[in-house]
Amino acid sequence: MTGAPVVYIVDDDASFRGAISRVLKASGYAVVEFDSAADFLQNIPDAKPGCLLLDVQMPAFGGLELQQELAKLSHHWPIIFITGHGDIPTTVRAIKAGAEDFLSKPILRQTLLEAIDRALSRFAAIQQSQGRLDALNALIAKLTSRESEVFALMVRGKMNKQIAHLLGTSERTIKYHRQMIMQKLQVGSFAEAVSVAERTGILTPQPSPDIKSAS
C-alpha cells in the first residue's frame with residue numbers, strides 16, 4: 001500500500017464516526033467514513049485495501065454480515081469491531097471469522113491506535129508473503145509439462161537414473177531438464193529448488209484414496 005494507510009469507519013453513529021475520524025487523521029491515517037454496511041459495499045470497487053472499523057449493530061445490515069460478504073468477495077482486509085453491545089458469543093464469532101480485534105465503546109485513543117497498527121502490520125506481512133508466493137508460482141508456470149514432472153520427482157529425492165526410468169527417457173535428457181528447471185526457477189542449488197517446491201505446495205502429501213474392504 002502506498003501513501004497513508006486507509007482506515008474505513010463503518011458505523012451509523014455520526015458523532016462516533018466524527019470523533020474517531022479526527023483521532024485517526026491526527027495520527028496520520030487516511031480516513032473514509034460510511035454510515036452503513038450497504039454503503040460501504042457499494043463503494044468497495046473503488047476502495048484501496050485498508051483496515052475496517054466496523055460497528056456490530058447497524059440497521060438492516062450489521063458488521064458481522066458485512067464481514068461475511070467481504071469474505072465471499074475475497075476481500076480479506078483486516079477488520080476491527082468496535083461496539084457498545086459486545087458479548088462473548090458475538091466476539092467469538094467475529095474472531096473465528098477472521099476479525100483482528102473486538103473492542104468495546106468507549107475506547108481509549110491509545111488502545112485503538114495500537115489495534116489498528118497491529119492489524120495493518122499483520123496485513124502488510126501477509127501481503128508481502130503472498131507476493132513472494134505469487135512470484136514463485138509464476139516461475140513454476142514457465143516449466144513445460146515434462147519439466148514439471150521432472151521437478152516433482154527430483155525434489156522428492158529421485159536420482160536422474162530413477163527419473164529417466166519412471167518417465168521412459170534417457171538420463172542425459174533428465175540432466176538437461178534439471179538444468180532448465182534450475183534456470184527457470186532462478187535457483188542455484190538443489191536445496192533452493194526443494195524450498196520452492198515446499199513453499200508452493202508441490203511437496204504437500206496427496207490424500208490417499210479410500211480403500212473399501214470387500215463385502
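As shown above, the structure is provided for reference.
Residues numbered from 1 in each chain as written. Predicted model: local features only at pLDDT ≥ 70, side-chain atom pairs only at ≥ 80, totals over all residues. Heavy atoms only, no water.

Chemist: Can you explain the overall build of the protein? Please cite residues and give values.
Modeler: Scanning the protein from terminus to terminus reveals nine helices and five strands. Reading the helices (α) and strands (β) of the protein from amino to carboxyl end gives β-α-β-α-β-α-β-α-β-α-α-α-α-α. For 215 residues, the compact-globule formula gives about 17 Å, and the C-alpha radius of gyration of the protein, at 25 Å, lies well above that figure. Taken along its principal axes, the extent of the C-alpha atoms in the protein is 75 × 55 × 30 Å. Sequence separation of 24 or more characterises 63% of the internal contacts of the protein that already satisfy a separation of 6 or more. Of the roughly 12700 Å² of accessible surface on the protein, 53% is carried by carbon and sulfur atoms. One way to put it: in the protein the 23 positive side-chain charges average out to a point 13 Å from where the 22 negative ones average out. (Helix = DSSP H or I, 4+ residues; strand = E, 2+ residues; numbered from the N terminus. Rg over C-alpha atoms; globule rule 2.2 N^0.38 Å. Contact = heavy atoms within 4.5 Å. Areas by Shrake-Rupley, 256 points an atom, 1.4 Å probe, with all protein chains shown as cover. Lys, Arg positive; Asp, Glu negative; His and termini not counted. Charge placed at Lys NZ, Arg CZ, Asp CG, Glu CD.)

Chemist: Tell me about the layout of surface pockets, and name the residues and values.
Modeler: In this approach a probe as big as a water molecule rolls over the atoms, and the regions it shows empty are the leftover space. Its boundaries defined by the atoms lining it, the largest pocket holds a volume of some 360 Å³. Around the largest pocket, the lining comprises 18 residues; the ones closest to its centre are His75, His76, Trp77, Pro78 and Gly98. Counting only elements with at least two residues in the lining of the largest pocket, the list comes to helix H3 (63-72) and helix H5 (109-140). Residues of the lining of the largest pocket, tallied by class, amount to nine nonpolar, seven polar and two charged. (1 Å grid on protein atoms, 1.4 Å probe; cavity = no way out; pocket = protein on both sides within 12 Å on 5 of 7 lines; lining within 4 Å. Points joined across faces, edges and corners; volume = space filled by probe spheres on them. Nonpolar A, V, L, I, M, F, W, Y, C, P; charged D, E, K, R; others polar.)

Chemist: An account of the packing of helix H7 (residues 160-167) against helix H8 (residues 171-185) is requested, with residue identities and associated values reported.
Modeler: Running from amino to carboxyl end, H7 crosses H8 at an angle of 110°, the nearest separation of the two axes being 8 Å. Our classification of the angle between H7 and H8 gives roughly perpendicular. Contacts between H7 and H8 involve Asn160, Lys161, Ile163, Ala164 and Leu167 from the former and Glu171, Ile174, Lys175 and Arg178 from the latter. Partitioned by chemical class, the residues of the contact of H7 with H8 number four nonpolar, one polar and four charged. (Axes fitted to C-alpha atoms, helices over the stretch in contact; angles between N-to-C directions. Parallel < 35°, antiparallel > 145°, perpendicular 65-115°, else oblique.)

Chemist: Now, about the pattern of salt bridges: what can you tell me, with residues and values included?
Modeler: Enumeration over the complete set of coordinates arrives at seven salt bridges. Asp101 is paired through a salt bridge with Arg118; the nearest N and O atoms lie 3.0 Å apart. In this pair, Asp101 is assigned in strand E5 (residues 101-104) and Arg118 in helix H5, connecting sequence segments 17 residues apart. What makes Arg118 partly exposed here is its relative accessible area of 47%. Lys184 is the salt-bridge partner of Glu147, the closest N and O atoms lying 2.8 Å from each other. Taken together, the residues Glu147 in helix H6 (residues 145-154) and Lys184 in helix H8 connect sequence positions 37 residues apart. We classify Glu147 as buried; its relative accessible area is 4%. (Salt bridge = Lys/Arg side-chain N within 4 Å of Asp/Glu carboxyl O. Buried < 20%, exposed > 50% of the residue type's maximum accessible area, 1.4 Å probe, protein only.)

Chemist: Would you mind going over the packing of aromatic side chains in detail, with residue names and values included?
Modeler: Tallied over the entire structure, the rule returns five aromatic pairs. Through a chain of ring-to-ring contacts, the aromatic side chains of Tyr8, Phe34, Phe40 and Trp77 assemble into a single cluster. In this structure, Lys105 is placed above the aromatic ring of Phe16, and the distance from its NZ or CZ to the ring centre is 4.1 Å. (Phe/Tyr/Trp six-rings, centres within 6.5 Å; stacked < 30°, edge-to-face > 60°. Lys NZ or Arg CZ within 6 Å of the ring centre and 35° of its normal.)

Chemist: If you had to explain unusual backbone geometry to someone new, which residues and values would you point to?
Modeler: In this structure, Pro106 follows Lys105 across a cis peptide bond, with omega equal to -10°. The residue Pro106 is located in the loop between E5 and H5 in this model. In the Ramachandran plot, Ala60 falls in the positive-phi region, its phi being about 75° despite a non-glycine side chain. With respect to the element layout, Ala60 can be found in the loop between strand E3 (51-54) and H3. The exposure class of Ala60 is exposed, given its relative accessible area of 92%.

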